[in-house]
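What the coordinates show
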Amino acid sequence: MSDNKPVYIVKVNEFEFSFSKADIEAIDLMKKNAAEFNLIKNYRSINGKLVNTDNSYKKQVIEIEGEIFQVNIKDELDQVVEKMGFGSSSGKHIKEIKAPMPGMVLEISVKNGQEVKEGDKILILEAMKMENSIMINANAVIKHIAVKAGQAVEKGQLLVELE
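Each chain carries its own residue numbering, running from 1 in the written order of its sequence. Residue-level local features of this predicted model are given only where pLDDT is at least 70; pairs of side-chain atoms are given and counted only at 80 or more, and the full residue set underlies all totals for whole chains, interfaces and linings. In computing side-chain properties, one takes all heavy atoms of the structure into account and sets aside hydrogens as well as water.

1. Quick notes on the overall build of the protein
- The secondary structure listing takes helices from DSSP runs of H or I that are at least 4 residues long and strands from runs of E that are at least 2 residues long, numbered from the N terminus. A count of helices and strands for the protein gives 2 helices and 15 strands.
- Dimensions of the protein, computed from the C-alpha atoms along their principal axes, are close to 55 × 30 × 30 Å.
- We call a residue buried when its accessible area falls under 20% of the maximum for its residue type, exposed when it is over 50%, and partly exposed in between, using a 1.4 Å probe and counting protein chains only. Expressed as a percentage of the 163 residues in the protein, the buried residues total 27%.
- Contacts: residue pairs with any heavy atoms within 4.5 Å of one another. Taking all contacts inside the protein whose residues are at least 6 apart in sequence as the whole, residues at least 24 apart take part in 41%.
- Areas reported here follow the Shrake-Rupley algorithm with a probe of radius 1.4 Å; residue values treat only the protein chains shown as occluding. A total accessible area of about 10800 Å² is found for the protein, and carbon and sulfur atoms account for 51% of it.
- Once the 22 positive and 25 negative side-chain charges of the protein are each reduced to a mean point, those two points are 3 Å apart. Residues counted as positive are Lys and Arg, residues counted as negative are Asp and Glu, and His and the chain ends are not counted. Charge positions come from single atoms, namely NZ of Lys, CZ of Arg, CG of Asp or CD of Glu.

Rendered as structure tokens:
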């Protein structure tokens, strides 16, 4: 993988940006505590504060110098999942969740018959030495779990059926 390949797509309010691993490593960012940080950009110090976040840290509300920003972060897995048609819950009812890439199921976070809400973690899939949380993008009920923890899966393989 090239260091210049976009790894993260970040939407801040209505603006969208792409960041490579090299871009991220070049950021001069200092964490003050769990919710506050300092960024140095063009010889200017900028203070920021994490106001709110979801469990995955992919949807955040950040305050920078008194201004509030809505931040949505999509990593490589999110981008693959979106390309497979799982990215938006625009009225379509999803009946199944398939593996976005080959890997190993490390953990299953749901049970048959369980009601899940948008953003809930379904399972963890290890791929390319990275743990990827597979989240649901709409409210649903788990009909059938087609895999077990420790099982190897192929790209496109059925993981979970939904009602």
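2. Points about the pattern of salt bridges
- For this document, the term salt bridge refers to a Lys or Arg side-chain nitrogen within 4 Å of an Asp or Glu carboxyl oxygen. Applying the stated criterion across every chain, the model contains 5 salt bridges.
- A salt bridge links E65 to R44, with the shortest nitrogen-to-oxygen separation between them at 2.8 Å. In this pair, E65 sits in the loop between β6 (59-64) and β7 (67-74) while R44 sits in strand β5 (residues 44-53), placing the two residues 21 residues apart along the sequence.
- Judged by relative accessible area, R44 falls into the partly exposed class, the value being 46%.

3. Side note on the sheet that holds strand β8 (residues 96-98)
- Pairing between two strands is assigned when DSSP locates at least 2 bridges connecting them. With antiparallel pairing, 4 strands are arranged side by side in an open sheet as β8-β15-β13-β10. Both edges of this open sheet fall to β8 and β10 (115-116), since each of them pairs with a single strand only.
- In this structure, strand β13 (residues 140-145) lies alongside strand β15 (residues 158-162), joined through 3 bridges in antiparallel fashion. Note on β15: the bridge partner recorded for I145 is V160.

4. Focus: the side chain of Q60
- Take Q60: it is sitting in strand β6.
- For Q60, a relative accessible area of 13% puts it in the buried group.

5. A closer look at the nonpolar core
- To define a nonpolar core, start from buried Ala, Val, Leu, Ile, Met, Phe, Trp, Tyr and Cys residues and group those joined through side-chain atoms within 4.5 Å. In this structure, I97, I122, L123, I142, L159, V160 and L162 are the most contacted members of the largest nonpolar core, which totals 23 residues.
- Elements that contribute at least two residues to this core include exactly α2 (76-86), β11 (121-127), β13 and β15.
- Core analysis: the next-biggest nonpolar cluster, separate from the first, contains 6 residues, F37, I62, F69 and V71 among them.

6. Side note on unusual backbone geometry
- For Y43, which is not glycine, the phi dihedral falls at a positive 65 degrees.
- In this structure, Y43 sits in the loop between β4 (36-41) and β5.

7. So, a nonpolar patch on the surface
- Residues form patches when they are more than 30% accessible in relative terms and have no salt bridge. Like charges link within 9 Å. Nonpolar side chains (Val, Leu, Ile, Met, Phe, Trp, Tyr) link within 5 Å. A cluster of nonpolar side chains, namely Y8, I24, I27 and L29, defines an oily patch on the protein surface of about 330 Å² accessible area.
- The topology assignment puts I24 in helix α1 (residues 21-25).
- Given a relative accessible area of 34%, I24 falls into the partly exposed group.

8. Considerations on the confidence of the model for the protein
- Known as pLDDT, the predictor's confidence for each residue is given on a scale from 0 to 100. In the predicted model, the protein carries a mean pLDDT of 84, and the fraction of residues at 70 or more is 91%.
- Per-element confidence in the protein is highest for strand β14 (residues 152-153), whose mean pLDDT is 95, and lowest for α2, whose mean pLDDT is 76.

9. Brief notes about the layout of surface pockets
- A 1.4 Å probe that fits but cannot get out identifies a cavity on a 1 Å grid over protein atoms alone, an open set with protein on both sides within 12 Å along at least five of seven lines counts as a pocket, and a residue lines either if it has an atom within 4 Å of a point. Grid points are joined across faces, edges and corners, and a volume is the space filled by probe spheres set on the points. Of the volumes computed, that of the largest pocket is approximately 1400 Å³.
- I27, L29, F37, Q60 and I62 are the residues nearest the centre of the largest pocket, which is lined by 33 residues in total.
- Residue assignment for the lining of the largest pocket shows that the elements contributing at least two residues are β1 (8-12), β2 (15-19), α1, β3 (28-31), β4, β5, β6 and β7.
- Residue contributions to the lining of the largest pocket peak at 5 residues, all from β4.
- Here the lining of the largest pocket is built from residues that sort into 23 nonpolar, 3 polar and 7 charged. Gly is put with the polar residues, along with every residue not named as nonpolar or charged; the nonpolar set is Ala, Val, Leu, Ile, Met, Phe, Trp, Tyr, Cys and Pro, and the charged set is Asp, Glu, Lys and Arg.

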